[in-house]
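Residue-level listing of the chains:
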Amino acid sequence: MKKLFIIASVVIGFISCQVRNGKTAGEQPLDPTKDTANFTSMQWIDSVYQDLGTIKEGPEVEIAYKFKNIGDKNLVIEDVSASCGCTVVEKPKEPFAPGQIGTIKAKFSTEGHAGTNNKSIFVIANTKGSKHQELKFHIVVEKS
């Protein structure tokens with residue numbers, strides 16, 4: 001029994017020596033979109049819902065949603081995606097410093113989308129409460 005205790009102690013000691021604290025030389029810094037200590041707050045300056053009215057089928061429609069980093073950490077937009085292939089989104093590449101204003105941009109292709117369209121844009125960022133934000137727009141496309 002004493003041998004078993006000694007062996008277990010040695011194994012536990014060896015394993016604990018192998019544990020790294022994330023600050024070992026050469027390691028990448030923590031990802032701010034996953035480290036809750038780096039989460040911040042954002043405020044949508046424009047409404048998260050836009051009614052784009054009625055338009056004739058054919059042209060692309062540009063949509064923009066402005067936001068502000070109202071927190072005290074950099075705001076990192078991890079991903080921006082659309083609910084369908086008819087909407088192409090533009091993901092901001094650089095982080096937004098506290099107080100900085102930014103824009104999520106998208107283009108909706110009206111071609112082949114006659115009728116009422118209700119679409120969503122999904123934003124993932126290092127925001128407190130929820131990392132997921134949903135932006136919506138409504139547009140009626142008249143057949144040309």
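Look above for the structure.
Throughout, residues of each chain are indexed from 1 in the direction in which the sequence is written. For a predicted model such as this one, the threshold for reporting local features is a pLDDT of at least 70, and the threshold for listing and counting side-chain atom pairs is 80 or more; totals across whole chains, interfaces and linings nevertheless cover every residue. Based on all heavy atoms of the structure, the side-chain values leave hydrogens and waters out of the count.

Peer 1: I'm lost on the overall build of the protein in this one. Help?
Peer 2: Secondary structure counts use DSSP, requiring at least four H or I residues in a row for a helix and at least two E residues in a row for a strand, with both numbered from the N terminus. Of regular secondary structure, the protein possesses one helix and eight strands. In the protein, the succession of helices and strands from N to C terminus is α-β-β-β-β-β-β-β-β. Across the 144 residues of the protein, 28% fall into the buried class. Within the protein, contacts between residues separated by at least 24 positions form 67% of all contacts whose residues are at least 6 apart in sequence. The method behind every accessible area is Shrake-Rupley, applied with a 1.4 Å probe, and residues are considered shielded solely by the protein chains displayed. Summing over all exposed atoms, the protein offers an accessible surface of approximately 9,300 Å²; the carbon and sulfur share of this is 56%. Three labels apply to residues, based on accessible area from a 1.4 Å probe with only protein chains included: buried if under 20% of the type maximum, exposed if over 50%, partly exposed otherwise in between. Contact between two residues is taken to exist if any of their heavy atoms lie within 4.5 Å; hydrogens are not considered.

Peer 1: Sorry, what's going on with the state of the cysteines here?
Peer 2: Each disulfide is one covalent bond, formed between the sulfur atoms of two cysteines. In this description, the term disulfide denotes a pair of cysteine sulfurs within 2.5 Å. Overall, the coordinates contain one disulfide when judged by the stated rule. The disulfide partner of Cys84 is Cys86, and the gap between their sulfur atoms is 2.3 Å. Where Cys84 bonds to Cys86 through sulfur, the torsion about that S-S bond is close to -60 degrees, and the disulfide is left-handed. Residue classification places Cys86 among the buried positions, given a relative accessible area of 9%.

Peer 1: Can you walk me through the packing of aromatic side chains in this structure?
Peer 2: One pair of aromatic rings is described through two measures. These are the centre distance and the angle between the planes. Classification of ring pairs uses Phe, Tyr and Trp, with its six-membered ring standing for Trp, and accepts pairs whose centres are within 6.5 Å; under 30 degrees between planes counts as stacked, over 60 as edge-to-face, and the remaining range as tilted. This structure, assessed with the given rule, holds three aromatic pairs. Ring centres of Phe108 and Phe137 lie 5.6 Å apart, and the angle between their planes is 70 degrees; on these two criteria the pair is classed as edge-to-face. With Phe108 in strand S6 (residues 101-109) and Phe137 in strand S8 (residues 132-142), this residue pair connects regions lying 29 residues apart in the sequence. Here Phe108 matches Phe137 in class, with each residue buried. Ring pairing ties together the aromatic residues Trp44, Phe67 and Phe96, which thus form one cluster.

Peer 1: Mind showing me how you'd approach the sheet that holds strand S2 (residues 49-56) here?
Peer 2: Strands pair in a sheet through their backbones, by hydrogen bonds, and they do so in one of two ways: parallel or antiparallel. Two strands make a pair as long as DSSP finds a minimum of two bridges between them. The four strands are arranged S2-S8-S7-S4 in an open sheet whose pairing can be described as mixed. Edge strands, defined here as strands with exactly one partner in the open sheet, are S2 and strand S4 (77-82). Going from strand to strand, the sheet's axes swing by 20 degrees on average, the running direction of each strand aside. In this sheet, S8 lies alongside strand S7 (residues 115-125) in antiparallel orientation, the contact comprising ten bridges. Bridge pairing links Thr116 to Val140 in S8. For every element, the axis is a line fit to its C-alpha atoms; helices are fit only across the contacting stretch, and the angle between N-to-C directions ranges from 0 to 180 degrees.

Peer 1: Would you take a moment to explain the nonpolar core for this structure?
Peer 2: Side chains that are nonpolar tend, in soluble globular proteins, to be buried together. Counting 21 residues, the largest nonpolar core has Trp44, Tyr65, Phe67, Ile77, Ile104 and Ile121 as the members making the most contacts within it. For this core, the secondary structure elements donating two or more residues are strand S1 (42-44), strand S3 (60-69), S4, S6, S7 and S8. Contact partners of Phe67, with chain neighbours within four places excluded, come to Met42, Gln43, Trp44, Ile45, Leu75, Ile77, Phe96, Gln100, Ile101, Gly102, Thr103 and Ile104. Definition used in this section: a nonpolar core is a set of buried Ala, Val, Leu, Ile, Met, Phe, Trp, Tyr and Cys residues joined via side-chain atoms within 4.5 Å.

Peer 1: Before we go on, may I ask you to explain the sheet that holds S6 in this structure?
Peer 2: Strand order across the open sheet formed by four strands is S1-S3-S6-S5, with antiparallel pairing between neighbours. Of all strands in the sheet, those with a lone pairing partner are S1 and strand S5 (87-90), marking the two edges. Strand after strand, the sheet turns through a mean of 25 degrees between neighbouring axes, direction not considered. Summarising the sheet, S3 and S6 pair through nine bridges and their orientation is antiparallel. Counterpart to Tyr65 in the pairing with S6 is Ile104.

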